[in-house]
Amino acid sequence: MFRNVRFLRLNGDWPESEEAVSERLAKSGFRPCGPLTERSSGWVPIDADRSESLARRVNAADLIKLRSQSRVLPPAAINEELENRIEEYRARMNENPPPREKRRLKAETRDELLPKAMLKSDRILGYVDLKEKLLAIDAAQNATAERFLLHLRAPFDQVKFLPWGFNRPFGELLNKIFFGSAPGQFSLGRECRMQDPSDARAIVRCTDFDLTDSTIRQHVATGMRLTHLGIVYDNLLSFVLDEDGVLRKVKLLGADDDEADGQGDPLTRLDAEFVLMTGTLRHLVADMNKLLGGYPS
């Protein structure tokens with residue numbers, strides 16, 4: 001379901017019902033790209049075959065989905081057609097087009113090619129945890145998360161979304177888990193990334209390694225900084241946590257076995273996985289809160 005999780009703290013009143021959330025999101029509902037529109041984003045139903053609702057509340061959490069559609073118009077296609085038009089100009093005027101005319105030709109070329117460009121869509125899942133007052137976004141990149149937030153702020157302009165963090169840095173937790181001094185529910189995975197504090201280009205990546213090996217631990221013991229660490233939480237969830245608190249490569253352990261049989265109602269399976277995901281992440285956040293000194297006041 002969620003491949004990545006970026007948390008933000010929610011400050012403000014969130015609607016009390018799924019229907020009220022959907023009604024607010026409808027103000028920024030998805031509309032397809034127009035002929036001259038490069039990108040269009042908006043909210044879409046979680047399961048359009050079953051309901052037009054733009055939110056699905058399960059386990060005191062609202063699951064929402066942003067769709068973005070864009071026209072695929074490679075710069076090389078514009079430049080190739082532009083060269084043809086420049087050649088036509090030279091043949092007609094017996095001179096090279098001045099810079100202003102070149103800019104006009106390029107804009108004209110783009111406007112004529114854009115309506116013919118292919119369309120592609122991507123979808124970003126997120127949810128608001130009403131109990132923990134957290135927003136979770138499935139986004140690996142900052143730019144993707146910012147796009148999600150931009151379109152969420154519009155219908156919820158009275159709600160503030162604040163950075164997620166604790167009184168002590170996430171790096172402290174990475175080191176505790178790496179050296180085996182964290183509580184038992186945090187197990188060491190098989191992936192990490194380290195960086196030399198004096199040289200940002202000096203990076204060591206370990207994938208599918210036994211991280212208890214002394215040669216790997218020696219890197220951190222002698223001064224390299226852990227920036228990413230594979231973690232297994234409570235034998236339920238595996239992920240890579242980075243020093244900014246972003247969870248990557250998130251996987252519910254055992255979930256693949258349930259999906260493989262292909263039986264049951266798809267929406268029921270979605271709800272079941274969402275309940276397991278949100279419940280596990282709540283426990284994870286609570287444990288991290290305790291270990292890292294709570295939220296800043």
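Since this is a predicted model, take the numbers as computed values, not measurements. (Residues numbered from 1 in each chain as written. Predicted model: local features only at pLDDT ≥ 70, side-chain atom pairs only at ≥ 80, totals over all residues. Heavy atoms only, no water.)

Peer 1: When you look at the overall build of the protein chain in this model, what are you seeing that I'm missing?
Peer 2: Along the backbone of the protein chain there are eight helices and 12 strands. The globule rule puts the C-alpha radius of gyration for 297 residues at 19 Å, and the 24 Å found for the protein chain is more than 25% above it. With the C-alpha coordinates of the protein chain rotated into their principal frame, the extents come out at 80 × 50 × 45 Å. A burial count over the protein chain gives 42% of its 297 residues as buried. Of the contacts made within the protein chain by residues no fewer than 6 positions apart, 68% connect residues no fewer than 24 positions apart. Once the 44 positive and 46 negative side-chain charges of the protein chain are each reduced to a mean point, those two points are 5 Å apart. (Helix = DSSP H or I, 4+ residues; strand = E, 2+ residues; numbered from the N terminus. Rg over C-alpha atoms; globule rule 2.2 N^0.38 Å. Buried < 20%, exposed > 50% of the residue type's maximum accessible area, 1.4 Å probe, protein only. Contact = heavy atoms within 4.5 Å. Lys, Arg positive; Asp, Glu negative; His and termini not counted. Charge placed at Lys NZ, Arg CZ, Asp CG, Glu CD.)

Peer 1: Looking at this structure, I do not really get the pattern of salt bridges. What am I missing?
Peer 2: Following the criterion strictly, the structure yields 20 salt bridges and no others. Where Arg110 meets Glu38, a salt bridge forms, and the shortest distance between an N and an O atom there is 2.8 Å. With a gap of 72 residues between them, Arg110 in helix H3 (residues 99–113) and Glu38 in the loop between helix H1 (18–25) and strand E2 (39–44) connect regions that are remote in the sequence. Between Glu108 and Arg85 there is a salt bridge; the shortest N-O distance is 3.0 Å. Pair noted here: Glu108 is in helix H3 and Arg85 is in helix H2 (residues 75–93), with a separation of 23 residues, a long-range link. With relative accessibility at 13%, the residue Arg85 sits in the buried group. When salt bridges with common partners are traced through the structure, they connect Glu81, Arg85, Glu101, Arg104, Glu108 and Glu112 into a single cluster. (Salt bridge = Lys/Arg side-chain N within 4 Å of Asp/Glu carboxyl O.)

Peer 1: Explain the sheet that holds strand E11 (residues 237–242) here, please?
Peer 2: In a beta sheet, neighbouring strands pair by backbone hydrogen bonds and run either parallel or antiparallel. Strand order in the open sheet made by the five strands is E9-E8-E10-E11-E12, with antiparallel pairing throughout. Looking along the sheet, the strands with just one partner apiece sit at the ends: strand E9 (199–207) and strand E12 (247–252). Each neighbouring strand pair of the sheet contributes to a mean axis angle of 15°, computed without reference to strand direction. Bridge analysis of strand E8 (residues 186–196) against E9 gives six bridges, and the strand direction is antiparallel. Its bridge partner lying in E9, Gln195 is registered against Ile203. Here helix H5 (residues 170–178) sits on the sheet in contact with E8, strand E10 (225–233) and E11, set at roughly 65° to E10. Along the sheet, helix H6 (residues 214–221) makes contact with E8, E9 and E10, crossing E8 at roughly 55°. (Pairing = 2+ DSSP bridges. Axes fitted to C-alpha atoms, helices over the stretch in contact; angles between N-to-C directions.)

Peer 1: Would you take a moment to explain H3 for this structure?
Peer 2: For an α-helix, 3.6 residues make a turn, and residues three or four places apart therefore share a direction. Helix length check: H3 (15 residues) gives 21 Å between terminal C-alpha atoms against 21 Å at 1.5 Å per residue, within 8%. In this fold, the buried residues of H3 make contact with H2. (Expected span 1.5 Å × (residues − 1).)

Peer 1: How should I be thinking about the packing of H2 against H3 in this particular structure?
Peer 2: Each pair of packed helices can be described by the angle between their axes along with the distance between the axes. Running from N to C, H2 and H3 cross one another at 130°; their axes reach a closest spacing of 9 Å. Classified by the interaxial angle, the pair formed by H2 and H3 is oblique. Crossing geometry of H2 relative to H3 is assigned as right-handed. Packed against H2, whose contacting residues are Ala77, Ile78, Asn79, Glu81, Leu82, Arg85, Ile86 and Tyr89, the element H3 presents Glu101, Lys102, Leu105, Lys106, Glu108, Thr109, Arg110, Glu112 and Leu113 at the interface. Taken together, the residues that form the contact of H2 with H3 break down as seven nonpolar, two polar and eight charged. (Parallel < 35°, antiparallel > 145°, perpendicular 65-115°, else oblique. Left-handed = near helix turned anticlockwise from the far one by under 90°. Nonpolar A, V, L, I, M, F, W, Y, C, P; charged D, E, K, R; others polar.)

Peer 1: When you look at the environment of Leu173 in this model, what are you seeing that I'm missing?
Peer 2: Considering the arrangement of structural elements, one finds Leu173 in helix H5. Once the C-alpha coordinates of Leu173 and Thr212 are considered, the two residues, 39 residues apart in sequence, prove to be 16 Å apart.

Peer 1: Can you help me understand the environment of Lys133 in this one?
Peer 2: Checked against the element boundaries, Lys133 lands in the loop between strand E5 (118–129) and strand E6 (134–137). On the basis of relative accessibility, which here comes to 35%, the residue Lys133 falls in the partly exposed class. Separated by 125 residues in sequence, Lys133 and Leu8 place their C-alpha atoms 8.7 Å apart. Apart from residues lying up to four places away in sequence, Lys133 is in contact with Leu8, Arg9, Leu10, Gly12 and Trp14.

Peer 1: So what exactly am I meant to see when it comes to the side chain of Ser68 here?
Peer 2: The residue Ser68 is located in strand E4 (residues 61–72) in this model. Taking the relative accessible area as the measure of exposure, Ser68 reaches 1% and is therefore buried. Of the polar contacts made by the side chain of Ser68, one reaches the side chain of Ser41; its length is 2.6 Å. Side chain to side chain, Ser68 and Arg147 meet in a polar contact 2.7 Å long. Contact partners of Ser68, with chain neighbours within four places excluded, come to Arg39, Ser40, Ser41, Lys120, Ser121, Asp122 and Arg147. (Polar contact = N/O pair within 3.5 Å; in protein donor to acceptor, adjacent residues only side chain to side chain.)

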